[in-house]
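# Structural overview for review
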Amino acid sequence: MVCWALRRAAQVRVHLARKASGVCRGPEHQASGARPAAPEPATRGTLGAPGGTVELLGKSYPQDGYSNLSRKVLSRVGRNLHNRPHHPLWLIKERVKQHFYAQYVGRSGTPLFSVYDDLSPVVTTWQNFDSLLVPADHPSRKKGDSYYLNATHMLRAHTSAHQWDLLRAGLDAFLVVGDVYRRDQIDAQHHPVFHQLEAVRLFSRHQLFAGVKDGENLQLFEQSSRSAHKQETHTLEATKLVEFDLKQTLTRLMTHLFGDGLDIRWVDCYFPFTHPSFEMEINFHGEWLEILGCGVMEQQLVNSAGAEDQIGWAFGLGLERLAMVLYDIPDIRLFWSEDERFLKQFCVQDINQKVKFQPLSKYPAVINDISFWLPRENYTENDFYDLVRTIGGDLVEKVDLIDKFEHPKQSRVSALIGTKRLASNEKPAPVNLGRARQKWRPP
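The text that follows walks through the structure, step by step, so that each part is easy to find. Since we're looking at a predicted model, the values are computed, not measured.

This brings us to unusual backbone geometry. Residues histidine 275 and proline 276 are joined by a peptide bond in cis, for which omega reads -5°. With respect to the helices and strands, proline 276 occurs in strand S10 (residues 274-284). One non-glycine residue, asparagine 80, adopts positive backbone phi at about 50°. For asparagine 80, the position within the fold is in the loop between helix H2 (71-74) and helix H3 (88-103). In this structure asparagine 80 comes out as partly exposed when scored by relative accessible area, which is 29%. Although it is not a glycine, leucine 133 adopts a positive phi angle of roughly 65°. Mapped onto the secondary structure, leucine 133 falls in the loop between helix H4 (125-128) and strand S6 (153-155).

For the pair H3 and helix H9 (residues 319-327), the least separation of the axes is 9 Å and the interaxial angle reads 100°. Comparing the axis directions of H3 and H9 gives the class roughly perpendicular. Contacts between H3 and H9 involve Pro88, Leu89, Leu91, Ile92 and Arg95 from the first element and Leu319, Glu320, Leu322, Ala323, Leu326 and Tyr327 from the second. The residue inventory of the contact of H3 with H9, partitioned by class, reads nine nonpolar, no polar and two charged.

Counting 73 residues, the largest nonpolar core has Leu155, Met254 and Phe315 as its most contacted members. Ranked by the residues each element gives to this core, the list is headed by helix H7 (residues 236-258), at eight residues. For methionine 254, the contacting residues outside a window of four places in its chain are Gly259, Leu262, Ile264, Met280, Ile291, Leu292, Leu317 and Leu322. Core analysis: the second largest hydrophobic core is formed by 21 residues, Ala161, Leu167, Met297 and Val302 among them.

For the rest of this paragraph, the subject is the packing of aromatic side chains. In this description, an aromatic ring pair is defined by two values, namely the gap between the centres and the angle between the planes. Inspection of the entire model under this criterion finds 13 aromatic pairs. On the basis of an interplanar angle of 25° and a centroid distance of 5.9 Å, the ring pair of tryptophan 313 and phenylalanine 315 is categorised as stacked. Each member of the pair, tryptophan 313 as well as phenylalanine 315, is classed as buried. Aromatic rings pair up to connect Phe100, Tyr104, Phe113, Trp313 and Phe315 into one cluster. For arginine 76, the ring lying beneath its charged end belongs to tryptophan 336, and the centroid distance is 4.4 Å.

Glancing now at the pairing of strand S9 (residues 263-271). Note that S9 and S10 share eight bridges and pair antiparallel. Bridging from a neighbouring strand, aspartate 263 pairs with asparagine 283 of S10. Between S9 and S10, which pair antiparallel and follow one another directly, the connecting turn spans two residues.

A few words now on H9. Burial of H9 is extensive: eight of the nine residues sit out of reach of the surface. Taken together, the buried positions of H9 are Leu319, Glu320, Leu322, Ala323, Met324, Val325, Leu326 and Tyr327.

The geometry of H7 relative to H9 is characterised by a closest axis approach of 11 Å and an angle of 40° between their N-to-C directions. Between H7 and H9, the crossing angle belongs to the class labelled oblique. Every residue of H9 that contacts H7 at Met254, Leu257 and Phe258 is listed here: Leu322, Val325 and Leu326. Of the residues belonging to the contact of H7 with H9, the class tally is six nonpolar, no polar and no charged.

So, about the side chain of glutamate 243. Structurally, glutamate 243 is set in helix H7. Discounting chain neighbours no more than four positions away, the residues touching glutamate 243 are Pro276, Phe278 and Val296.

What follows covers the environment of leucine 360. Along the chain, leucine 360 turns up in the loop between helix H10 (340-343) and strand S13 (366-374). Spatially, the C-alpha atoms of leucine 360 and leucine 334 are 9.9 Å apart, while their sequence positions differ by 26 residues.

Here we have seven strands laid out as an open sheet, ordered S4-S7-S8-S12-S11-S10-S9, and mixed in their pairing. Of all the strands in the sheet, the pair left with one neighbour each is strand S4 (114-116) and S9. Averaged over all pairs of adjacent strands, the angle between their axes in this sheet comes to 25°, without regard to strand direction. With three bridges joining them, S4 and strand S7 (residues 173-181) adopt parallel strand pairing. Counterpart to valine 115 in the pairing with S7 is leucine 175. Taken strand by strand, H7 contacts strand S8 (193-203), S9, S10, strand S11 (287-297) and strand S12 (311-318), and its axis lies near 30° from that of S12.

With that out of the way, let us pick up the pattern of salt bridges. Where charged atoms from two side chains of opposite charge approach closely, those side chains can pair. Applying the stated rule across the entire model yields 16 salt bridges. For lysine 93, the salt bridge goes to glutamate 94, with nearest N and O atoms at 3.6 Å. On the basis of relative accessibility, which here comes to 3%, the residue lysine 93 falls in the buried class. Glutamate 94 sits in the buried class, given a relative accessible area of 17%. Of the charged contacts in the structure, one is a salt bridge between arginine 226 and glutamate 232, with a shortest N-O distance of 2.8 Å. Here arginine 226 falls in the partly exposed class, since its relative accessible area comes to 39%. The class of glutamate 232 is partly exposed, set by a relative accessible area of 29%.

Summarising burial for S11: eight of the eleven residues are buried, a large majority. In terms of strand pairing, S10 meets S11 through nine bridges, oriented antiparallel. For isoleucine 282, the partnering residue across the bridge sits in S11 and is leucine 289.

Definitions and limits used
- Residues numbered from 1 in each chain as written.
- Predicted model: local features only at pLDDT ≥ 70, side-chain atom pairs only at ≥ 80, totals over all residues.
- Heavy atoms only, no water.
- Helix = DSSP H or I, 4+ residues; strand = E, 2+ residues; numbered from the N terminus.
- Buried < 20%, exposed > 50% of the residue type's maximum accessible area, 1.4 Å probe, protein only.
- Axes fitted to C-alpha atoms, helices over the stretch in contact; angles between N-to-C directions.
- Parallel < 35°, antiparallel > 145°, perpendicular 65-115°, else oblique.
- Contact = heavy atoms within 4.5 Å.
- Nonpolar A, V, L, I, M, F, W, Y, C, P; charged D, E, K, R; others polar.
- Core = buried A, V, L, I, M, F, W, Y, C linked by side-chain atoms within 4.5 Å.
- Phe/Tyr/Trp six-rings, centres within 6.5 Å; stacked < 30°, edge-to-face > 60°.
- Lys NZ or Arg CZ within 6 Å of the ring centre and 35° of its normal.
- Pairing = 2+ DSSP bridges.
- Salt bridge = Lys/Arg side-chain N within 4 Å of Asp/Glu carboxyl O.

As structure tokens, this is what we get:
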């Protein structure tokens, strides 16, 4: 029955593809200055099948049992929306850069923080996980959560994948901006590709205690026990000063982005590569919103990169999350739109100018039901989400599990799919995906 469902999906793909072409390539797409879509990745053999290869960003990667990339996700690689002038993600990136350049200046008068926004999204599993002390059994390593080219290479799941290499190169203050990839659910807040901004700053003993009374008697390190407030190798004084500098830095940044009078709170959390760790939440229009994660860097990570005499902090934030809040953008897929009616709203002379997104379509979603049989093993919900995205593209607004039937030999899942045109004022026609579940019987 699974094979039957996939064959049926392939038939539906033609119908959806015709509709998608009407959405993405209307008259506005042909306007001067419209950016052409990224070329399809070159593949030899079936995509994801062991023995084949994928050519991506000028390099060839052999496929094996870990390979799980879809063509839809691969088509996003190299788009680099954060580097596209006047794109909303570019605006956020430039505003953050402007703030750091103005607020943090080195002795020579040059910016203290260096910026890296063109690093390859293809990293090794060691860079993405092991260098960051991610445990071997951590859920993020599973094929159901991350995108693998093969057992040793993957699309980065976070910009933190570059931390170790930049520290090893001798940098002690930097920003990293880039696209990141995670297998995720389908709704207005999630997309398999989004963009992050990462920041790291290290302090020597002299730098951290320079403004502290009797600071010459204070130390960065000690051998003690780990607690909820500090690592076993850090002194409490050093930890508290780093934590204070981190929170002060982020409070200034959010005030720069959102304005004065911002209500902020800090929530304790866990990350493998920082301790203590926090999530920053802001009260925006009466609602508490999680904005970013941060913390004092794990000294084991810093030491392994060759900076044993320094202590530091790191934070990472999602550009889409900030842009959706700042510009009132309701759906994450809109960031991939080529419609000039969307893009021209962000062509502003001053990057700090206030912008409020104006909706493009007034029509509601079209709802369809899909039912199919599932295998008992080697299946995750993200497998289905990737299939839906590959066939329906950005027409598919949301997927919900509305029914589940357990059978001694098989299990069935029924999903609710809503579709609407994100970049068209035309009324969407119903997509015929069938309502045949009543006719299906266990084999």
